[in-house]
Amino acid sequence: MAKKMGKRLMGICGVAVTAVYAAGYIYTMPSAQANAASASLPAASTSTPASSGASASASASSSTPTTNTAKHTSKQHSTSSQNHQSTKSSSTSSTSSTSSTSTSKSSSSASSKKSQAASTAKYKDGTFTGTGTNSYGTCSVAVTIQHGKIVSAKITNYMMHYPQYYIDPQLPQEVVSMQTWQIYIVSGATASTYNFAEAVYYALQKAKA
Amino acid sequence: MNLDKLMKTPKGYLLAILIGLTLVASLRPQDHIGLLNAGIAVITALAIDGIVAKLYKNKKKFSDGGMITALIIANVLSNTTPWYIIVATTAVALLSKHIIKSGRKPIFNPAAFGLLFAIYIFSTGQSWWGSLALLPTWLILIMIVPGIFISIKVNKFPQVASFLGMYFVLMLIMAVFHLGLPYDTPADALRIPFVNSAIYLAFFMLTDPPTTPSTYPKQIVFGSLVAIVGSIIFANYGGLAYLLIGLLAGNLVNFTFMRARQKKMSEVVIEH
């Protein structure tokens, strides 16, 4: 058994590790900030159309999990890890009054509003946007309503850590086929699923008559 | 061993810390279900270790080590993991402890073995939610302070420091020379939520006494090796399994050197 390490040496080691971490953190700050800035841009170019005729059975649920160890081929995404200071949900629309609630708040309130959103919702026609944000990044959607029904859900801005193909097109398809923001969680892309669901939830809140 | 005695041992401290972390992490509404998952993992662990103890007629029926392994598995696996996968992962982890061993010591960190098996065989997602990755930043102190405490208690501070030091140095080098993937960059690895995984592994998995060396020079080599292997995997493949692969590679090298030393010693004894 090794003899105990001295407290002074421990302190020096701790300071050295912290210094190296700080150096790396500061050095990588520009790229992290660039990613964070791009994540906060309004909905733009990364939209992927969802096919409205897809069935829910075709989409992934927790029984068909994906793994995040695979070597990804998509280079669309980047990180928005600067957003980690507080997990917030927001909407890109200036009309939304519920946009700045915290994730925990929105989640608890969201769960209590599940039945409202899912079953009795009557929506105005038009295209409505929403955004979900947490530590793993930001996801924005545009939900199109025609004759009171969701006919399209598009991911308009995807700045999550893992590639968009983890959730797209399956989750937008689920939104259309199930007519709700309450979609199946994709195992291995939990954070992305939550963000997407939150974004759709806020869009549908705005669409409510 | 009764509960009072257990709680005065490093294992008892670690168990208390992991229970605390699980409770804090589950405060996040989306992670409430994590408590249920942790319960499933713990019950599985106690059942398997209980059966093994009965088979081998061990006096010790209550498996504190099994509980620690179960809590680590529950803290790492995604909360959306089905219950039967949690059971299977915990079972694989504990069976690896009882089957893949040298003498009485397991060769691989049981939790890391089970988790890597689950990732590649069951295709499970891992979120490391128990590392408080999705809670406010300052709560990381709830992991770091007890982590330092436990690493001192089990006399593994040099190992933890060498791992974290080498890991951060390699991430800095990767950033300076633009090495690695366009996604999963050093900027990601050095920030919340991803840095939480490395810190969690360093304090609560790397400090497992049976599967890691005891002397300080070997601890430093071991910690550095885990960081090097993990960083190479990270640079080439990304994902989150690189930490587990690094740890298991370190375990294997540790076992190989231990075996070689034992062989050498036995040869010396025979010569005399």
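Residues numbered from 1 in each chain as written. Chains lettered and ligands numbered in written order. Predicted model: local features only at pLDDT ≥ 70, side-chain atom pairs only at ≥ 80, totals over all residues. Heavy atoms only, no water.

Novice: Let's hear about the overall build of chain A: which residues, and what values?
Specialist: Per the secondary structure count, chain A includes six helices and four strands. Residues counted as buried form 50% of the 209 residues belonging to chain A. In chain A, 67% of the contacts between residues at least 6 apart in sequence involve partners at least 24 apart. (Helix = DSSP H or I, 4+ residues; strand = E, 2+ residues; numbered from the N terminus. Buried < 20%, exposed > 50% of the residue type's maximum accessible area, 1.4 Å probe, protein only. Contact = heavy atoms within 4.5 Å.)

Novice: Requested: an account of the overall build of chain B, with residues and values cited.
Specialist: Along the backbone of chain B there are twelve helices and two strands. Starting at the N terminus and ending at the C terminus, chain B contains elements arranged as α-α-α-α-α-β-β-α-α-α-α-α-α-α. Within chain B, counting contacts between residues at least 6 apart in sequence, those at least 24 apart form 79% of the total. Accessible area of chain B: about 11400 Å², with a carbon and sulfur share of 73%. (Areas by Shrake-Rupley, 256 points an atom, 1.4 Å probe, with all protein chains shown as cover.)

Novice: Could you give an account of a nonpolar patch on the surface, with specific residues and numbers?
Specialist: A cluster of nonpolar residues, Tyr27(A), Ile173(B), Val176(B), Phe177(B) and Leu179(B), forms a patch on the protein surface that exposes about 470 Å² of accessible area. Turning to its location among the elements, Ile173(B) is positioned in helix 8 (residues 157-176). Ile173(B) gets classed as partly exposed once you look at its relative accessible area, which sits at 36%. (Patch = residues over 30% accessible without salt bridge, like charges linked within 9 Å, V, L, I, M, F, W, Y side chains within 5 Å. Salt bridge = Lys/Arg side-chain N within 4 Å of Asp/Glu carboxyl O.)

Novice: Mind laying out the environment of Lys124(A), listing which residues take part and the relevant values?
Specialist: In this structure, Lys124(A) sits in the loop between helix 4 (114-118) and strand 2 (126-134). Sequence separation between Lys124(A) and Ala207(A) is 83 residues, and the spatial gap between their C-alpha atoms is 5.2 Å.

Novice: Can you tell me about unusual backbone geometry, naming the residues and giving the values?
Specialist: Going from Asp168(A) to Pro169(A), the amide bond is cis rather than trans, its omega being 15 degrees. Topologically, Pro169(A) is positioned in the loop between strand 4 (149-160) and helix 5 (170-178). Note the cis peptide between Ile192(B) and Pro193(B), where omega equals 10 degrees. By the element assignment, Pro193(B) lies in the loop between helix 9 (186-189) and helix 10 (194-205). Even without being a glycine, Asn155(B) presents a positive backbone phi close to 60 degrees. Position of Asn155(B) among the secondary structure elements: in the loop between helix 7 (140-153) and helix 8. Here Asn155(B) falls in the buried class, since its relative accessible area comes to 5%. Positive phi, close to 50 degrees, is recorded for His178(B), a residue that is not glycine. When you line up the elements, His178(B) lands in the loop between helix 8 and helix 9.

Novice: Hey, could you go over the confidence of the model for chain A for me, with residue numbers and the actual values?
Specialist: For chain A, the average pLDDT comes to 64, and 51% of its residues sit at 70 or higher. In the model, residues 37-120 of chain A has pLDDT below 50 throughout and makes 200 contacts with residues more than four positions away in sequence or in other chains. (pLDDT = per-residue confidence, 0-100.)

Novice: If you had to explain the packing of aromatic side chains to someone new, which residues and values would you point to?
Specialist: Counted by the stated rule, this structure contains 15 aromatic pairs over all chains. One aromatic cluster in this structure is built from Tyr21(A), Tyr25(A), Phe163(B), Tyr167(B), Phe168(B), Phe234(B) and Tyr242(B). Residue placement shows Lys101(B) over the ring face of Tyr56(B); its charged tip is 5.7 Å from the ring centre. Of note, Arg191(B) hangs over the ring of Tyr25(A), and the distance from its end group to the ring centre comes to 3.9 Å. (Phe/Tyr/Trp six-rings, centres within 6.5 Å; stacked < 30°, edge-to-face > 60°. Lys NZ or Arg CZ within 6 Å of the ring centre and 35° of its normal.)

Novice: An account of the pattern of salt bridges is requested, with residue identities and associated values reported.
Specialist: All names here are of chain B. Under the criterion given, the structure shown has three salt bridges over all chains. Note that Asp64 is salt-bridged to Lys11, the shortest N-O span being 3.7 Å. Of this pair, Asp64 sits in helix 4 (residues 64-76) while Lys11 sits in helix 2 (residues 10-25), and the two are 53 residues apart along the sequence. Between Arg28 and Asp31 there is a salt bridge whose closest N-O contact spans 3.4 Å. Note on accessibility: Arg28 and Asp31 belong to one class, buried.

Novice: Mind laying out the side chain of Asp168(A), listing which residues take part and the relevant values?
Specialist: Residues and elements named next belong to chain A. Among the secondary structure elements, Asp168 is positioned in the loop between strand 4 and helix 5. Buried charge without a partner: Asp168 forms no salt bridge, and the closest opposite charge is Lys154, 11 Å away. A distance of 2.8 Å separates the side chain of Asp168 from the side chain of Gln164, its partner in a polar contact. (Lys, Arg positive; Asp, Glu negative; His and termini not counted. Polar contact = N/O pair within 3.5 Å; in protein donor to acceptor, adjacent residues only side chain to side chain.)

Novice: Could you give an account of the pairing of strand 4 of chain A, with specific residues and numbers?
Specialist: By the criterion of burial, strand 4 of chain A is predominantly enclosed, with nine of the twelve residues buried. Hairpin geometry of strand 3 (residues 137-146) of chain A and strand 4 of chain A is characterised by an intervening segment of two residues between the two adjacent antiparallel strands and by a positive phi of about 55 degrees at His147(A). (Pairing = 2+ DSSP bridges.)

Novice: Kindly report on the packing of helix 8 of chain B against helix 11 (residues 216-237) of chain B, identifying the contributing residues and their values.
Specialist: Residue and element names in this part refer to chain B. Relative orientation of the contacting elements helix 8 and helix 11 amounts to 35 degrees, with a least axis distance of 7 Å. Like other packed secondary-structure pairs, helix 8 and helix 11 cross with a definite hand, here right-handed. Across the interface between the two elements, Phe157, Pro158, Gln159, Ser162, Phe163, Met166, Tyr167, Leu170, Met171 and Met174 of helix 8 pack against Tyr216, Gln219, Ile220, Phe222, Gly223, Ser224, Val226, Ala227, Ile228, Ser231, Phe234 and Ala235 of helix 11. Tallied by class, residues from the contact of helix 8 with helix 11 come to 16 nonpolar, six polar and no charged. (Axes fitted to C-alpha atoms, helices over the stretch in contact; angles between N-to-C directions. Left-handed = near helix turned anticlockwise from the far one by under 90°. Nonpolar A, V, L, I, M, F, W, Y, C, P; charged D, E, K, R; others polar.)

Novice: An account of helix 2 of chain B is needed here, citing residue identities and associated values.
Specialist: Helix length check: helix 2 of chain B, at 16 residues, gives a terminal C-alpha distance of 22 Å against a target of 22 Å (1.5 Å per residue), a fit within 8%. Within the sequence span of helix 2 of chain B, burial applies to Gly12(B), Leu14(B), Leu15(B), Ile17(B), Leu18(B), Leu21(B), Thr22(B), Val24(B) and Ala25(B). (Expected span 1.5 Å × (residues − 1).)

Novice: Tell me about the nonpolar core, and please be specific about residues and values.
Specialist: In terms of nonpolar packing, the biggest core is built from 116 residues, with Phe196(A), Tyr200(B), Phe204(B) and Met205(B) touching the most fellow members. Once residues within four sequence positions are removed from consideration, Phe204(B) is found in contact with Leu14(B), Ile17(B), Leu18(B), Leu21(B), Ile72(B), Met143(B), Gly147(B) and Ile150(B). (Core = buried A, V, L, I, M, F, W, Y, C linked by side-chain atoms within 4.5 Å.)

Novice: Residues and numbers for the pairing of strand 3 of chain A, please.
Specialist: Residue and element names in this part refer to chain A. When you tally the buried positions in strand 3, you get nine out of ten residues, the bulk of the element. Pairing geometry for strand 3 and strand 4, over ten bridges, is antiparallel. Counterpart to Val141 in the pairing with strand 4 is Ile155.

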